[in-house]
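# Inside the fold
Each chain is listed here by its residues.
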Amino acid sequence: MKSGSNLEKVLEGGHFAVTAEVGPPKGTSASVVQKKGDILKSCCDALNVTDNQTAIVRMSSLSGCVILKGMGLDPVMQMVVRDRNRIAIQSDILGAVALGIRNVLCLSGDHQKFGNHPTAKNVYDIDSIQLVKTLKTMRDEKKFLCGENISGEVPLFIGAVENPFADPFEFRVIRLGKKVQAGADFIQTQAVYDVDKFAGWMKMVRDRGLDKQVHILAGVIPIKSVGMARYMRDNVSGVSVPDEIVTRLEDAKDVKEEGVKITLEIIDRLKDIDGIHGVHVMAVAWEDIVPVIAERAGLLPRPIL
Amino acid sequence: MIVGTQKPLEEIWDMIKGFRKVLVLGCNTCVAICHAGGGKEAEILASLLRMKASLSGVETTVRHAAIERQCESEFFEPVMDEVRASDVVLSLACGVGVNFLADKAGDIPAFPGIDTAFFGAVEKAGIFKELCAGCGGCILHLTGGICPVARCSKSIMNGPCGGTSDGKCEISRDVDCAWYLIVERMKKLGTLEKLFEIQPPKDWSTGLYGGPRKVVLEHITAPEPPEKGKESQGGM
């Protein structure tokens, strides 16, 4: 075991993992995080706490993780390289490990232009692949990026993301390979709606043998409304929502139920793709649907390891 | 070249309205090419400021001049009397010129008349594009001649990130994804495999973040060594 986290145990044990997302509040209330943790605890193996997602200031990921950890849950600390240089990153990792955080997900982060401080200066001292490699060096060699020694163990389960729907399509697999080479233990993907395209990407992943080297969890975002579907189709860079899904929601009497059905169909097909080891459900502001989806998708009960 | 853009007239007026003798000093190299701060723009801006002064009922004389480059001492000689006779100099050079002028202008303030934007090229008439960040440690040989520091919105060294779509950057449909361009260019060059290697963290100390930079050419700055013949003559 690299970290001994629940997520690592579930994946290494060969179980089909379920993770979900906890967005921390734009405020100081721990109970917001606790409430989401309560909703999600029995249907997930680990919970990602986002890091100032879409560059909107929220409670820090590390704090959210500590709150979840205090509830006996297994948090995944998301860390973007937009807001921290290599000094702050390594310092936060030391603190996170000291506080019992074992899973870290490495991301570039959305550009600050999208957030509530668009005039901020970004950092991007290192990129997300270099972050993965930094964490692996910290864990396996107990060394900082500069080569100096770290005192104590750095048990981490290292995650990265990949977006199979971004361009250039054929290079995405090469880039996934770079993340694996850098030291990623698990991958959570961008939300999948176009399962055929995703399956094509996974075939390229298997052709390169990457599915044997890293656990891939497919991203799923349940769609709550027609407006959300249209917005994701038209405005979210790198997300591909087929028109057919938008039409189904437009024609539905009960849009939320149709959204759940679509999600269940997607999960069903994802389970059949070789090399997919779990799903990551990102139900933004709709956390209470996750237990329903997990139940109806036949993903309950979660293994107790 | 260094690309700049004109500042709004109101902003300039707010800077200089308390002064009675204003010199608008153009720079006829980079910023003239991008129609921001050459001699012609200095002349037009001086007229606008005279009108503004007149409309505001302020007694101000606004003169204008221009030199070839405000980044080399020798070009300043012909205008230094004019500079000294002014209460303020509004430099239409890039920030380099304004700083350089401030060093020379003694107790006369040097104000910026333009916003210095970036190092760029003339894509076509009227379109100027940023292509270099002047960061030191150039790696263009590894990226098909396309700079990820200047042209990727996140300056990442192992791109493209997940935000690219149809070859465009997540920040705007009008911005090309530099890493998309890099991948396509490397394919064309038959060197895509260079991108398979993980680029290590960049040394930013050679860029904006390592403190002010200076290049010293010792073969030019060092005093001439004494000629041997002369030395031996003197010793005799």
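Residues numbered from 1 in each chain as written. Chains lettered and ligands numbered in written order. Predicted model: local features only at pLDDT ≥ 70, side-chain atom pairs only at ≥ 80, totals over all residues. Heavy atoms only, no water.

This part is about the overall build of chain A. Helix and strand counts for chain A come out as eleven helices and eight strands. Against the globule reference of 19 Å for 305 residues, chain A gives a C-alpha radius of gyration of 18 Å, in line with a compact fold. Across its three principal axes, chain A shows a C-alpha extent of roughly 60 × 45 × 45 Å. Here chain A holds 305 residues, and 56% of them are scored as buried. The long-range share in chain A, meaning contacts at least 24 apart out of those at least 6 apart in sequence, stands at 78%. When the accessible area of chain A is evaluated, it comes to approximately 12,200 Å², of which 50% is carbon and sulfur surface. Positive and negative charge centroids in chain A, built from 39 and 39 side chains respectively, lie 3 Å apart. (Helix = DSSP H or I, 4+ residues; strand = E, 2+ residues; numbered from the N terminus. Rg over C-alpha atoms; globule rule 2.2 N^0.38 Å. Buried < 20%, exposed > 50% of the residue type's maximum accessible area, 1.4 Å probe, protein only. Contact = heavy atoms within 4.5 Å. Areas by Shrake-Rupley, 256 points an atom, 1.4 Å probe, with all protein chains shown as cover. Lys, Arg positive; Asp, Glu negative; His and termini not counted. Charge placed at Lys NZ, Arg CZ, Asp CG, Glu CD.)

The next point concerns the overall build of chain B. In terms of regular secondary structure, chain B is built from nine helices and nine strands. The C-alpha extent of chain B, read off along each of the three principal axes, is 75 × 65 × 30 Å. Split into buried and exposed, the 236 residues of chain B put 38% on the buried side. Within chain B, counting contacts between residues at least 6 apart in sequence, those at least 24 apart form 58% of the total. Summed over its atoms, the accessible surface of chain B is roughly 13,200 Å², and 56% of this surface lies on carbon and sulfur atoms. Here chain B holds 26 positive side-chain charges and 30 negative ones, and the gap between their average locations is 4 Å.

Glancing now at the pattern of salt bridges. Two side chains with opposite charge may pair up if their charged atoms get near one another. All names here are of chain A. If you walk through the whole model with that rule in mind, you get 36 salt bridges over all chains. In this structure, Glu-257 engages Arg-296 in a salt bridge whose closest nitrogen and oxygen atoms are separated by 2.8 Å. In this pair, Glu-257 is assigned in helix H10 (residues 255-271) and Arg-296 in helix H11 (residues 289-296), connecting sequence segments 39 residues apart. The class for Glu-257 is partly exposed, based on a relative accessible area of 26%. (Salt bridge = Lys/Arg side-chain N within 4 Å of Asp/Glu carboxyl O.)

What follows is about a nonpolar patch on the surface. Residues and elements named next belong to chain B. A cluster of nonpolar side chains, Met-1, Ile-33 and Val-122, forms an exposed patch at the surface whose accessible area comes to about 230 Å². With respect to the element layout, Met-1 can be found in the segment before strand E1 (2-6). For Met-1, a relative accessible area of 30% puts it in the partly exposed group. (Patch = residues over 30% accessible without salt bridge, like charges linked within 9 Å, V, L, I, M, F, W, Y side chains within 5 Å.)

Right, let's get into the pairing of strand E1 (residues 17-22) of chain A. Residue and element names in this part refer to chain A. Most of E1 sits inside the fold, with six of its six residues counted as buried. By the alternation rule, side chains of E1 split into Ala-17, Thr-19 and Glu-21 and Val-18, Ala-20 and Val-22, which are all buried. The pairing of E1 with strand E8 (residues 276-281) spans four bridges and is classified as parallel. Bridge pairing in E8 links Val-18 to Val-279. Bridge analysis of E1 against strand E2 (residues 46-49) gives four bridges, and the strand direction is parallel. Across the sheet, Glu-21 pairs through a bridge with Asn-48, a residue of E2. For the segment spanning E1, helix H2 (residues 30-40) and E2, crossover handedness is right-handed. (Pairing = 2+ DSSP bridges. Right-handed = clockwise from strand over helix to strand, strands pointing away.)

Looking now at the domain arrangement of chain B. Taken domain by domain, chain B comprises domain 1 (2-118) and domain 2 (135-204). A C-alpha centroid distance of 38 Å is found between domain 1 of chain B and domain 2 of chain B. (Domains from an automatic or database assignment.)

Below, the discussion takes up the packing of helix H6 (residues 169-182) of chain A against helix H7 (residues 195-207) of chain A. Residue and element names in this part refer to chain A. Remark: H6 packs on H7, axes separated minimally by 10 Å, with the N-to-C direction vectors making an angle of 45 degrees. Regarding the angle of H6 to H7, the classification is oblique. Considering only the axes of H6 and H7, their crossing is right-handed. Two secondary-structure elements touch here, H6 through Phe-169, Glu-170, Arg-172, Val-173 and Leu-176 and H7 through Lys-197, Trp-201, Met-204 and Val-205. (Axes fitted to C-alpha atoms, helices over the stretch in contact; angles between N-to-C directions. Parallel < 35°, antiparallel > 145°, perpendicular 65-115°, else oblique. Left-handed = near helix turned anticlockwise from the far one by under 90°.)

On to the nonpolar core. Nonpolar side chains tend toward joint burial in soluble globular proteins. Counting residues in hydrophobic clusters, the biggest one holds 101 residues, and the most contacted among them are Ile-93, Leu-135, Tyr-193, Phe-198, Leu-270 and Val-279 of chain A. Beyond its immediate chain neighbours, meaning those up to four positions away, Phe-198 of chain A contacts Pro-164, Phe-165, Thr-189, Val-192, Ala-218, Leu-270, Ile-273 and Ile-276 of chain A. By size, the runner-up hydrophobic cluster in this structure holds 23 residues, among which are Trp-13, Ala-53, Leu-90 and Cys-94 of chain B. (Core = buried A, V, L, I, M, F, W, Y, C linked by side-chain atoms within 4.5 Å.)

The next point concerns the environment of Asp-110 of chain A. Note on placement: Asp-110 of chain A falls in the loop between strand E4 (103-107) and helix H5 (128-140). The exposure class assigned to Asp-110 of chain A is partly exposed, which follows from its relative accessible area of 28%. Taking the C-alpha atoms as reference points, Asp-110 of chain A and Asn-52 of chain A, separated by 58 residues in sequence, lie 9.1 Å from one another. In contact with Asp-110 of chain A, other than residues within four places in its own chain, are Gln-53, Thr-54, Ala-55, Arg-82 and Tyr-124 of chain A together with Lys-154 and Glu-170 of chain B. Within the local environment of Asp-110 of chain A, its side chain forms a polar contact with the backbone nitrogen of Thr-54 of chain A, the two atoms lying 3.0 Å apart. (Polar contact = N/O pair within 3.5 Å; in protein donor to acceptor, adjacent residues only side chain to side chain.)

A few words on the side chain of Ser-128 of chain A. Secondary-structure assignment places Ser-128 of chain A in helix H5. Leave out the neighbours within four places in its chain, and Ser-128 of chain A touches Val-81, Cys-106, Leu-107, Ser-108, Arg-175 and Lys-179 of chain A.

All names here are of chain B. Taken as a whole and judged by the stated rule, the model has six aromatic pairs over all chains. Where Phe-19 meets Phe-111, the ring centres are 5.7 Å apart and the plane angle is 80 degrees; that geometry is what we call edge-to-face. Here Phe-19 is found in the loop between helix H1 (9-16) and strand E2 (21-27), whereas its partner Phe-111 is found in strand E5 (residues 110-112), with 92 residues between them in sequence. Classification of Phe-111 by relative accessible area gives partly exposed; the value is 22%. Stacked on the ring of Phe-100, the Lys or Arg Lys-104 has its end atom at 4.4 Å from the ring centre. Its end group placed over the ring of Trp-204, Lys-202 keeps NZ or CZ at 5.4 Å from the ring centre. (Phe/Tyr/Trp six-rings, centres within 6.5 Å; stacked < 30°, edge-to-face > 60°. Lys NZ or Arg CZ within 6 Å of the ring centre and 35° of its normal.)

A few words now on the sheet that holds strand E6 (residues 114-124) of chain B. Residue and element names in this part refer to chain B. Strands sit in the order E1-E6-E7 across an open sheet of three strands; the sheet is antiparallel. Only two strands of the sheet have a single neighbouring strand rather than two, namely E1 and strand E7 (127-132). Neighbour-to-neighbour, the strand axes of this sheet turn through a mean angle of 70 degrees, independent of strand direction. Where E1 lies against E6, five bridges are found, and the strand directions are antiparallel. Note that in E6 the partner of Gly-4 across the bridge is Thr-116.

Residue and element names in this part refer to chain B. Pairing is parallel in the open sheet, where four strands are placed in the order E3-E2-E4-E5. Whereas interior strands pair on both sides, the edge strands pair on one side only; in this sheet they are strand E3 (61-67) and E5. For this sheet, the mean angle separating the axes of adjacent strands, direction not counted, is 25 degrees. Here seven bridges tie E2 to E3, and the two strands are oriented parallel to one another.

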